[in-house]
Amino acid sequence: MSASEFELLRTVTLGQYLPTGSAIHRADPRIKLLAGLLLVVAVTAMSSIAGLCLSFALVLVGFLAARIPLGYALSGVKPMLPFLALLGILQAIAIPQNDANTTVFWRWAFITLTARDAVAVALLFLKFSVLVWGLSLLSFTTTTTELTHGTEHLLRPLQRVGLPAHEFALTLNVALRFVPLLAQETERLMKAQASRGADFGAGRGWNFVRRFRRLIPLLVPLILSTLQRAEDLILAMEARCYTGGKGRTYLVHFRARASDYAMLALVVVVLAAALAASATPADALAWRAISTLWR
Amino acid sequence: MTEPLIRVQNISYTYPAGTGKPALRDVSLTVNPGDYIAIVGANGSGKSTLARHLNALLVPNEGEVWVNGWNTRDRAHIRDIRRTVGMVFQVPDNQIVATIVEDDVAFGPENLGVPDEELPTRVAEALAAVGLEGQGQRASHLLSAGQKQRLAIAAALAMKPLCLVLDEATAMLDPAGKAALLDILRRLHDAGTTIIAVTHSMSEAAEADRIVVLSDGQIVAEGSPARVFGDAALLEQCGLEAPPVARLAHLLAHHWPDFPTDILDPEALADAVCRFLAAPGAVPTTPADDVSDGAGWPSSGIAAQDPWVALDNVHYTYLQGTPLENRALRGVHMEVRAGETVAIIGPTGSGKSTLLQHLNGLLRPHSGRVRVLGYDLADPRCDVRALRKRVGLVFQQPEAQLFERYAGDDVAFGPLMFGASIDEARERVRAAMNSVGLPFEAYKDRLTLALSGGERRRLALAGVLALDPQILALDEPTAGLDPKGRDDLIALLRQWRRADRAIVFSSHNMDDVALLADRVYIVADGQIAHSGPTRQVFANPGWLAEFGLGLPPATALAHTLALRGCPVPTNVLSLEELAQAIVRLADERIRV
């Protein structure tokens, strides 16, 4: 049993903002969000190794410009590796890619590994890396407050067509405020019940009913107190004249500078180029190279 | 005559989901601009319900509430009403909306549609009014409890209200936080803001110009503090107690029937005492004999034994190795012996709770040694579960940790977890419930959630006492209780003490410490700043003032009297002791 047996906050690392004061940190959060959104959409649609490599290079340049140590960024990806490996295996086995003109590496029962499978797995890895690194770049360089304000301001034009932009941002903000509180509360409850002899460490056996019953001393008070908090917060908001997004004004305003637009333009150009790369024979070249290497 | 700001006319209110019992019955109240009103009453008397009617958070079933000429039933003026009457609630964390201080202050004005360019000025002014200037960019969850409540006031002020309603806003603050908040209220009042403070702290109510006493949903008294606090019988009947100055005056009136009982100011009390002891000039200047601890808890004899608790240079750091690292304990030394009651006092965040959690092995020291009843926590093989059975730990607001439907079942949880048989558990539950004043037969099948706040707190305490611990550790045992609930709990703990038991507790209430503790440790910044027998610690006001802690009311009054030339001992701990000392002084004077 370690000294931090009950330290739940250690595992709650929301918004791992890493202030280095770089130009990327100072950029307009709306532009950063937009760039992030474009990256996600473009990369999801991309299916060429060359295009993904280009996008990956873009993200790396972003990390360098933000002065975030690559080792630190890599450590964030590590916990996801087993999950990614499993996905890779499933991709290779479950989605057969064996048309006539591909090289077969290995065949066992109904499982066939071909060069196309190898390319598909490589694509999956690349896609995933670009997405995770791209989004963590956003969270390393933008505070949660900037993120919620940025989201609200970006979505505000859509309010006219009935999208609840303000409500969405407020929900996000309140959730971010209450997660650490709930973690603290759970910690206190665990300690209090442990003081009365409860034993949470032992997850013996597969008796789910018994394991669930052990959680009741935590769940009941936690749910009750969360309801109480919600009720209090609603009262506090009502007392401050909250009636939804209509007619609100805003303390925070963002002004995008020329450099911000330049950054966005760069992202657009690179992503367009990366998407265009799918239409070139680079992809075909890549998997031909792999099959040649195999022989 | 100016138009009243708020007019409450014969309102009644019953909560729709409640027991059907009305929370307010035929209540009328007039608030004039510039008033400072305290609404007092025991828990469940309806004072929060009344407060929520003042800005249309609740609308009465019967009767009317008018705010600045607008009826609270009129939904068209709801914004005007809420902008006029700002609200601050009890729990600091539950009323902050935004993650950043500035955003939270701006929330109200933003909702009102205050022009964008005016918002920064409003935010800055509101923050300055509560002493949080320049802190706009701080993360709201990293503020102290006192700062959070000041933020909540700023958030209300940013809407430029004419009146501020505070619903037990100081209940969860340490003495320094409370004092800072009261100071802000006084300044706002001087600047013209109407203040309505809901509280069960009578010393806070004494700040007001007018006190409204609620009992069982009805206003039972209304008047100046001197008048209301002069009526001791009424206060007691409502589960309240007068502030210390008034209580001392009442005690002295037992000896001198014509001693004035409508005094609230310590200086005025000192004057009256001096007058009764004859002219101040005639007072002999020989210093008073100190009160001695003749009837105190046995400490000699036991002192020779090994201490039950021994902390030696204990260090503990939260979130060690992360950017949020927080060094909570930095070399703490502490001892508790059999039969002792030890208090731990200090400002919020000084490490009191961390210290208590070392006593039953919830936390283990990162360095240094903790030995409790022969268990060595530094030893990785130490059986902490066995230790937890012998050291009962009661957390802050333990009533929030109850989880069973029926009261008896909740108390049985501990004994059953530690392997007691059903019959044995039943006997332990019976003994524990009886000892906290919730008779087993009458209460075992009561619904936990239907008990009152004070009953729930005592039930939670029974849940720990059912383990029959040797050491009882309590974190802020009386916080948030009304005067009656607090008295009951203190009496219960005094009764539980025995030569073969020990109590360790933390508290922000110096009166609790004076009434219970044999010895006191002052914790500040993760270290023991001072320690000693209770009388000795309270004989050093400087030790306490250093950390924003006050003296117990009786000790503070004794100091005031001594400064006025009454040679009373300054190391008294209770009002009864002080009254006796004054009377003894008078008797000696007669003999001379």
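Residues numbered from 1 in each chain as written. Chains lettered and ligands numbered in written order. Predicted model: local features only at pLDDT ≥ 70, side-chain atom pairs only at ≥ 80, totals over all residues.

K.L.:
For the overall build of chain B, give the residues involved together with the corresponding values.
P.N.:
Counting secondary structure elements, chain B contains 23 helices and 20 strands. Computed over its C-alpha atoms, the radius of gyration of chain B comes to 26 Å, within 12% of the 25 Å expected for a compact globule of 592 residues. Here the C-alpha coordinates of chain B stretch approximately 70 × 70 × 55 Å along the principal axes. A buried classification covers 50% of the 592 residues belonging to chain B. Across chain B, every contact between residues at least 6 apart in sequence was considered, and the portion connecting residues at least 24 apart equals 67%. (Helix = DSSP H or I, 4+ residues; strand = E, 2+ residues; numbered from the N terminus. Rg over C-alpha atoms; globule rule 2.2 N^0.38 Å. Buried ≥ 20, exposed ≤ 12 C-beta atoms within 10 Å, placed from the backbone. Contact = placed C-beta atoms within 7 Å.)

K.L.:
Quick one: what's the story with the interface of chain B and chain A, residue by residue and with numbers?
P.N.:
Listed per partner, the contact involves 59 residues of chain B and 45 residues of chain A. Every element with two or more residues in the side of chain B that touches chain A is listed here: α2 (78–84), α3 (101–112), α4 (119–129), α13 (384–390), α14 (407–417) and α17 (453–465) of chain B. Top contributing element to the side of chain B that touches chain A by residue count: α3 of chain B, with eight residues. Looking at the side of chain B that touches chain A residue by residue, the classes come out as 32 nonpolar, 15 polar and twelve charged. (Nonpolar A, V, L, I, M, F, W, Y, C, P; charged D, E, K, R; others polar.)

K.L.:
Describe the sheet that holds strand β12 (residues 326–336) of chain B, naming the residues involved and giving the relevant values.
P.N.:
As a general point, the strands of a sheet are linked pairwise by backbone hydrogen bonds and lie either parallel or antiparallel. Residue and element names in this part refer to chain B. Taken together, the four strands give an open sheet; going across it, the order is β12-β11-β14-β15, and neighbouring strands pair in antiparallel fashion. Edge positions in the sheet fall to β12 and β15 (375–376), since each of these pairs with one other strand and no more. Bridge count for strand β11 (residues 309–318) against β12 is eight bridges, and the pairing is antiparallel. Among the inter-strand pairings, leucine 311 is bridged to a residue of β12, identified as methionine 334. (Pairing = 2+ DSSP bridges.)

K.L.:
So what's going on with the nonpolar core? Residues and values would help.
P.N.:
Ile39, Ala154, Ala462, Ala473, Val504 and Leu578 of chain B are the most contacted members of the largest nonpolar core, which totals 192 residues. The dominant element in this core, judged by the number of residues it contributes, is helix α5 (residues 145–157) of chain B, at seven residues. The contacts of isoleucine 39 of chain B, once residues within four sequence positions are left out, are Lys47, Leu50, Ala51, Ile196, Val198, Val212 and Leu214 of chain B. One finds Ile24, Ile31, Leu39 and Leu54 of chain A within the second-largest nonpolar core, a separate group that totals 28 residues. (Core = buried A, V, L, I, M, F, W, Y, C linked by C-beta atoms within 7 Å.)

K.L.:
Give a detailed account of the domain arrangement of chain B, specifying residues and quantitative values.
P.N.:
All names here are of chain B. Under the domain assignment used here, chain B contains domain 1 (6–242), domain 2 (246–292 + 558–591) and domain 3 (339–352 + 385–551). Taken over C-alpha atoms, the centre of domain 1 sits 31 Å from the centre of domain 3. Listed per partner, the contact involves 15 residues of domain 1 and 16 residues of domain 3. For the side of domain 1 that touches domain 3, the element with the highest residue contribution is helix α6 (residues 175–190), accounting for three residues. Broken down by class, the residue content of the side of domain 1 that touches domain 3 amounts to seven nonpolar, six polar and two charged. (Domains from an automatic or database assignment.)

K.L.:
Can you lay out the pairing of strand β18 (residues 502–506) of chain B for me, pointing to particular residues and giving the numbers?
P.N.:
Residue and element names in this part refer to chain B. Counting buried positions over the five residues of β18 gives five, a clear majority of the element. Side chains Ala502, Val504 and Ser506 of β18 all project onto a buried face; the interleaved residues Ile503 and Phe505 project onto the opposite face, where all are buried too. Pairing of strand β13 (residues 341–345) with β18 involves four bridges; the strand directions are parallel. Counted as the bridge partner of alanine 343 is phenylalanine 505 from β18.

K.L.:
I'd like a rundown of the sheet that holds strand β17 (residues 471–475) of chain B, residues and numbers included.
P.N.:
Residues and elements named next belong to chain B. Overall, mixed pairing links the six strands, which are arranged β16-β17-β18-β13-β19-β20 in an open sheet. What marks the edges here is a single partner per strand, and that holds for β16 (391–394) and β20 (527–533). On average, each strand axis in the sheet is tilted by 15 degrees relative to the strand beside it, whichever way the strands run. Inspection of the sheet shows strand β19 (residues 519–524) paired to β20 by six bridges, in the antiparallel sense. Within β20, the position partnered with isoleucine 522 by the bridge is histidine 530. (Axes fitted to C-alpha atoms, helices over the stretch in contact; angles between N-to-C directions.)

K.L.:
Would you mind going over the packing of α14 of chain B against helix α15 (residues 422–435) of chain B in detail, with residue names and values included?
P.N.:
Residue and element names in this part refer to chain B. Axis separation between α14 and α15 bottoms out at 9 Å; the angle between their running directions is 120 degrees. In terms of orientation, α14 and α15 fall into the oblique class. Both α14 and α15 take part in a crossing whose hand is right-handed. For the pair α14 and α15, the contacting residues are Gly408, Val411, Ala412, Pro415 and Leu416 in the first and Glu424, Ala425, Arg428, Val429, Ala432 and Met433 in the second. (Parallel < 35°, antiparallel > 145°, perpendicular 65-115°, else oblique. Left-handed = near helix turned anticlockwise from the far one by under 90°.)

K.L.:
Describe in detail the pairing of β13 of chain B, supporting the description with residues and values.
P.N.:
Residues and elements named next belong to chain B. Along β13, five of the five residues are buried, which leaves the element largely enclosed by surrounding structure. Where burial is concerned, the two faces of β13 agree: the one with Thr341, Ala343 and Ile345 and the one with Val342 and Ile344 are both buried. Pairing between β13 and β19: four bridges, direction parallel. In the sheet register, isoleucine 344 faces β19, and the bridge partner there is tyrosine 521.

K.L.:
Give me unusual backbone geometry: which residues, what numbers.
P.N.:
All names here are of chain B. The backbone phi angle of lysine 160 is positive, close to 50 degrees, even though this residue is not glycine. Here lysine 160 lies in the loop between α5 and β7 (163–167). Among the residues examined, lysine 160 registers 17 C-beta atoms within 10 Å and is labelled partly exposed. Located in the positive-phi region is glutamate 168, a residue other than glycine, with phi close to 50 degrees. Along the chain, glutamate 168 turns up in the loop between β7 and α6. By C-beta crowding, glutamate 168 is classed as buried, having 22 other C-beta atoms within 10 Å.

K.L.:
An account of the packing of helix α3 (residues 49–65) of chain A against helix α10 (residues 258–277) of chain A is requested, with residue identities and associated values reported.
P.N.:
Residue and element names in this part refer to chain A. The geometry of α3 relative to α10 is characterised by a closest axis approach of 7 Å and an angle of 160 degrees between their N-to-C directions. It follows that α3 is roughly antiparallel to α10 by the angle criterion. Judged by the twist between their axes, the crossing of α3 over α10 is right-handed. Of α10, the residues touching α3 (which contributes Ala50, Gly51, Leu54, Ser55 and Leu58) are Val267, Val270, Leu271, Ala273, Ala274, Leu275 and Ala277. Class assignment of the residues belonging to the contact of α3 with α10 gives a composition of ten nonpolar, two polar and no charged.

K.L.:
How would you summarise the environment of alanine 407 of chain B if you had to cite specific residues and measurements?
P.N.:
Mapped onto the elements of the fold, alanine 407 of chain B is located in helix α14. Every residue in contact with alanine 407 of chain B, bar those within four places of it in the chain, is listed here: Tyr443, Lys444, Arg446, Thr448, Leu451 and Leu459 of chain B.

K.L.:
Give a description of the confidence of the model for chain B that names residues and reports values.
P.N.:
Residues and elements named next belong to chain B. Scored by pLDDT, chain B has a mean of 90; 94% of the residues are at 70 or more. Contacts from residues 279–285, a stretch scored under 50 in pLDDT, to residues over four places away or in other chains number seven contacts. This model gives residues 294–302 a pLDDT under 50, and the stretch forms eleven contacts once residues within four places in sequence are excluded. On the interface metric, ipTM, the complex scores 0.85, and its pTM is 0.83. (pLDDT = per-residue confidence, 0-100.)

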